[in-house]
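Listed here are the chains, written in short residue letters.
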Amino acid sequence: MDDSPPLDRVARIQDDWRRERPDVDVTPQGVIGRLHRLADRLTEELCLVYGRYGLGEGEIDVLCALRRAGEPYERAPGELAAHTMVTTGAMTKRIDRLERAGLVTRRCRDDDQRGRIVALTRPGRELIDLAFTDHMRNERRLLDLLTPAEAEALEGLLTTWLSRMENPRPPSGG
């Protein structure tokens, strides 16, 4: 009797490829495929919480960036784009939606009438404080599917891998 767990979707796909293309190493799919599936599942779980507050990923991202700025909870749109890693065009659309909802305001910079500042409103700050608390509780729930040692090991591996992807070293040699 075989006590091994049933094959997951990624393992079945790998088996199919091994059968059809035995000349190609499909072992990377074991990691990359599972990361993709996990990212999709995590996004679904996170968006459920955001939706409770009438927010999408983009809006939560902007509100969090403003809240993290500290008093007076404001940033220039370019700063927001840098802190959320989105284009300024996408940022404008997000800010427009949040402004219509009364969660942020826009004003001219004091030192430059052409420049703009985006700031959290009181309702925006209250909403993001509630949503962020719920979001962290949700992330804790998701991470608690791993043991503390597993979570720590995974964080270390992901940190290393991300660092190497974002800061590639030039090839060594002469």
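Residues numbered from 1 in each chain as written. Predicted model: local features only at pLDDT ≥ 70, side-chain atom pairs only at ≥ 80, totals over all residues. Heavy atoms only, no water.

### Remarks on the pattern of salt bridges
Short version of the rule: The rule for a salt bridge is simple: a side-chain nitrogen of Lys or Arg has to be within 4 Å of a carboxyl oxygen of Asp or Glu. The way it works is that DSSP assigns letters per residue, a run of H or I at least four long becomes a helix, a run of E at least two long becomes a strand, and they are numbered from the N terminus. The cut-offs for exposure are 20% and 50% of the maximum accessible area for each residue type, with area from a 1.4 Å probe on protein chains only; residues under the lower value are buried, those over the upper are exposed, and the others partly exposed.
All chains considered together, the criterion is met by 20 salt bridges. As a salt-bridge pair, glutamate 59 and arginine 97 come within 2.5 Å of each other at their nearest N and O atoms. With glutamate 59 in helix α3 (residues 57-68) and arginine 97 in helix α5 (residues 88-100), this pair connects stretches of sequence that are 38 residues apart. By relative accessible area, which is 38% here, arginine 97 ends up partly exposed. The salt bridge involving aspartate 96 is made with arginine 106; its shortest N-O contact spans 2.6 Å. With aspartate 96 in helix α5 and arginine 106 in strand β2 (residues 104-108), this residue pair connects regions lying ten residues apart in the sequence. Three or more residues are tied together by salt bridges with common partners; here these are Arg41, Glu44, Glu45 and Arg141.

### Observations regarding helix α6 (residues 122-143)
In plain terms, the rule: Multiply 1.5 Å by the residue count of a helix minus one, and that product is the helix's expected span. Contacts: residue pairs with any heavy atoms within 4.5 Å of one another.
The end-to-end C-alpha distance of α6, which contains 22 residues, comes to 31 Å, matching closely the 32 Å that a straight helix rising 1.5 Å per residue would cover. Considering only its buried residues, α6 is in contact with α2 (28-52), α3 and β3 (116-120).

### Brief notes about the packing of α3 against α6
Where we set the bar: Throughout, an axis means a line fitted to C-alpha atoms (over the contacting stretch in the case of helices), and angles, computed between N-to-C directions, take values from 0 to 180 degrees. These descriptions rest on fixed angle ranges, namely under 35 degrees for roughly parallel, over 145 for roughly antiparallel, 65 to 115 for roughly perpendicular, and the rest for oblique. Amino acids are sorted into nonpolar (Ala, Val, Leu, Ile, Met, Phe, Trp, Tyr, Cys and Pro), charged (Asp, Glu, Lys and Arg) and polar (every other residue, Gly among them).
Where α3 meets α6, the axes come as close as 10 Å, and the angle between the chain directions of the two elements is 105°. Overall, the two elements α3 and α6 adopt an arrangement that is roughly perpendicular. Residues Ile60, Leu63, Cys64 and Arg67 of α3 lie in contact with α6, whose contacting residues are Arg125, Ile128, Asp129, Ala131 and Phe132. Of the residues contributing to the contact of α3 with α6, the split by class is six nonpolar, no polar and three charged.

### Brief notes about the environment of cysteine 64
If you trace the backbone, cysteine 64 turns up in helix α3. Taking relative accessible area as the criterion, cysteine 64 reaches 14% and is therefore assigned buried. Separated by 20 residues in the primary sequence, cysteine 64 and threonine 84 have C-alpha atoms spaced 9.1 Å apart. When sequence neighbours within four positions are dropped, the list of residues in contact with cysteine 64 reads Ile128 and Phe132.

### A word on the nonpolar core
We apply this condition: Side-chain atoms within 4.5 Å link the members of a nonpolar core, which is a set of buried Ala, Val, Leu, Ile, Met, Phe, Trp, Tyr and Cys residues.
If you look at the biggest cluster of nonpolar residues, it comprises 22 residues, and the most contacted ones within it are Leu63, Leu80 and Val104. It is α3 that provides the largest number of residues to this core, a total of six residues. Leaving out residues up to four positions away in the same chain, leucine 80 has contacts with Val62, Ala65, Leu66, Arg75, Met91, Ile95 and Val118.

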